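Residue strings, one per chain:
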Amino acid sequence: MAADWLGSLVSINCGPTLGVYQGKVVSVDQSSQTISLRQPFHNGVKCPVPEVTFSAIDIKELKILDITIGNARNSSSASTKVSSAPVAVPKGDPRSAANLNSPQHCSKSQGERHVDIPGQPKGFRRRHNSWSSSSKGANQATPKKNGVKNGQMKPRDDECFGEATDDGLDADFDFEGNLALFDKAAVFSEIDISERRNGARSRGTPLDQTPTRYRHDENILEAKPVVYRQITVPQPGAKEYCTDSGLVVPSISYELHQRLLSIAERHGLSLERRLEMTGVCATQMALTLLGGPNRFTPKNLHQRPTVALLCGPHVQGAQGISCGRHLANHEVEVVMFLPNFVKMLDCVTSEVTLFNKTSGKQVSSIKDLPDTPVDLIINCLDCHENTFLMDQPWYRAAADWANQNRAPVLSLDPPGSGQGQAVEAKWSLSLCLPLSLAEGAGRVYLCDIGIPRQVFKEVGIKYICPFGCKFVIPLHSA
């Protein structure tokens, strides 16, 4: 009969929408196919209403947690409390609640329910507690434990369908004591010995290497050793330089430098291309020295820098004029000094023609140069071939003006240390490979003018580009 299940504790699963309910059966109506629970719990939380009624259509699964069978034939007041395994009711049967009209549906008999399980402590009984079931919400915290107080169990334990809590659970777990039982060094030593015996590496590290600490800019992958002397020349000069990354750049003689340029010109790197490349590199360096992006902004047009360009009637002077043209295109006030000559080189004439199309100013007298200090002086007075220019009046006057002006000096393609320099420079810019410069050349920079590696090979130079991602790099004395 359905009345035999009154007072039993059951768990009703109504699917993901309604959730899981637990409570004590108070009524089973076979005609309307309903079952009512008293003091229900919904997903482990006590419901605010004292009683909830379910229809057989909504019930997906029904589990019996605790059975109380009333023996009406023998005694109206005596009852037997039996613990049983959960009984699963098939899903989709609307008569599932009504079919439970006999206690014989239990999986175990009354005599088998209290048999002690081997290996478990005496007095231990398996409980199907709603708090430990999978129906507990993920965001719900585990309720605090309610122990025995003054010999009476708190109502909270009855509501959770549990038995008397064990007093031994109140003792704190000894983490330090249990951790001391684990010998970490001995375990890892045993693992290392086992892996060495099997020929495997220990925890991802080489057998004979100690793991080292790496900086943020170091590569942890093994690489080939770096070769810093990547450029070798058949006739090294008197000096050697090195880049910021440590690559060695040897100096070469003027004769080898000229032979390199002539072979490059024979292969198509003409003088006009070389002048343009040198002018661009010198302009890039000059713009950086003048302040770079901090100086050349739209808000700073009222403070345009002034550059004085001192040029001679030779190839070095043509390189300076090309630089002055690019500087004028970048809104720099350029004053170019070039003495009057009846006949000049074709490269100088063509560069002067292009320069005159800019906003730059060309002067032929020292008196027309600025009286106040300028932002930068670019010296292109010196020539590699003709050293007699230093005796000319215009050369001495231009050198005196540069030395008296307090502006810093950038020397473009200066001659080697064998020739004297009338103007002391703060920076010097050499082409492709540096010459052995004098001490008055200041800090040495090197620019790439686009000579292919095969051209270097033809003159006996083993060459690997030291510029990296730049066209102008600083050099340091090795």
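To be clear, the structure that these remarks concern was listed above.
Rules behind the numbers
Residues numbered from 1 in each chain as written. Predicted model: local features only at pLDDT ≥ 70, side-chain atom pairs only at ≥ 80, totals over all residues. Heavy atoms only, no water. Pairing = 2+ DSSP bridges. Helix = DSSP H or I, 4+ residues; strand = E, 2+ residues; numbered from the N terminus. Axes fitted to C-alpha atoms, helices over the stretch in contact; angles between N-to-C directions. Parallel < 35°, antiparallel > 145°, perpendicular 65-115°, else oblique. Left-handed = near helix turned anticlockwise from the far one by under 90°. Contact = heavy atoms within 4.5 Å. Nonpolar A, V, L, I, M, F, W, Y, C, P; charged D, E, K, R; others polar. 1 Å grid on protein atoms, 1.4 Å probe; cavity = no way out; pocket = protein on both sides within 12 Å on 5 of 7 lines; lining within 4 Å. Points joined across faces, edges and corners; volume = space filled by probe spheres on them. Phe/Tyr/Trp six-rings, centres within 6.5 Å; stacked < 30°, edge-to-face > 60°. Buried < 20%, exposed > 50% of the residue type's maximum accessible area, 1.4 Å probe, protein only.

Trainee: Before we move on, can you summarise the sheet that holds strand β13 (residues 333–337) with the specific residues and values?
Mentor: Pairing in this open sheet of ten strands is mixed, and the strands run β11-β10-β19-β18-β17-β16-β15-β12-β13-β14 from one edge to the other. Bordering the open sheet on either side are β11 (248–252) and β14 (361–363), each of which pairs with just one other strand. Neighbour to neighbour, the strand axes of the sheet diverge by 30° on average, direction disregarded. When strand β15 (residues 376–380) meets strand β16 (residues 409–412), the two strands line up parallel, connected through three bridges. Paired with Asn-379 across the two strands is Ser-411, which belongs to β16.

Trainee: Tell me about the packing of helix α6 (residues 271–289) against helix α7 (residues 315–329), residues and numbers included.
Mentor: At a minimum axis distance of 8 Å, the contact between α6 and α7 shows a crossing angle of 55°. Here α6 is positioned oblique relative to α7, judged by the angle of their axes. Once α6 is placed against α7, the crossing between them reads as right-handed. Together, Leu-271, Leu-275, Glu-276, Thr-278, Gly-279, Val-280, Ala-282, Thr-283, Ala-286 and Leu-287 of α6 and Val-315, Ala-318, Gln-319, Ser-322, Cys-323, Arg-325, His-326 and Leu-327 of α7 make up the contact between the two elements. Here the contact of α6 with α7 is composed, by residue class, of ten nonpolar, six polar and two charged.

Trainee: If you had to explain empty space enclosed by the protein to someone new, which residues and values would you point to?
Mentor: This model, assessed by the stated rule, comprises three cavities of 30 Å³ or more. What the second largest cavity holds in volume is close to 40 Å³. Along the walls of the second largest cavity sit Leu-381, Asp-382, Cys-383, Asn-386, Thr-387, Leu-389, Met-390, Tyr-395 and Gln-419, which together make up its complete lining. Here the lining of the second largest cavity is composed, by residue class, of five nonpolar, three polar and one charged.

Trainee: Could you give me a rundown of the packing of aromatic side chains, with the residues and numbers involved?
Mentor: Evaluation of the coordinates by the stated rule reveals five aromatic pairs. Geometrically, the ring pair formed by Tyr-21 and Phe-54 is edge-to-face, given 4.9 Å between the ring centres and 65° between the ring planes. Here Tyr-21 is found in strand β2 (residues 20–29), whereas its partner Phe-54 is found in strand β5 (residues 51–55), with 33 residues between them in sequence. As far as the burial class goes, Tyr-21 and Phe-54 line up, both buried.

Trainee: Break down the packing of α7 against helix α8 (residues 346–355) for me, citing the residues and quoting the values.
Mentor: Their axes nearest at 9 Å, the elements α7 and α8 cross at an angle of 15°. Viewed along their axes, α7 and α8 adopt a mutual orientation that is roughly parallel. Classified by chirality, the crossing of α8 by α7 is left-handed. Note on element contacts: α8 touches α7 through Cys-347, Val-348, Glu-351, Val-352, Leu-354 and Phe-355, opposite Ala-318, Ile-321, Ser-322, Gly-324 and Arg-325. For the contact of α7 with α8, the per-class residue count stands at seven nonpolar, two polar and two charged.

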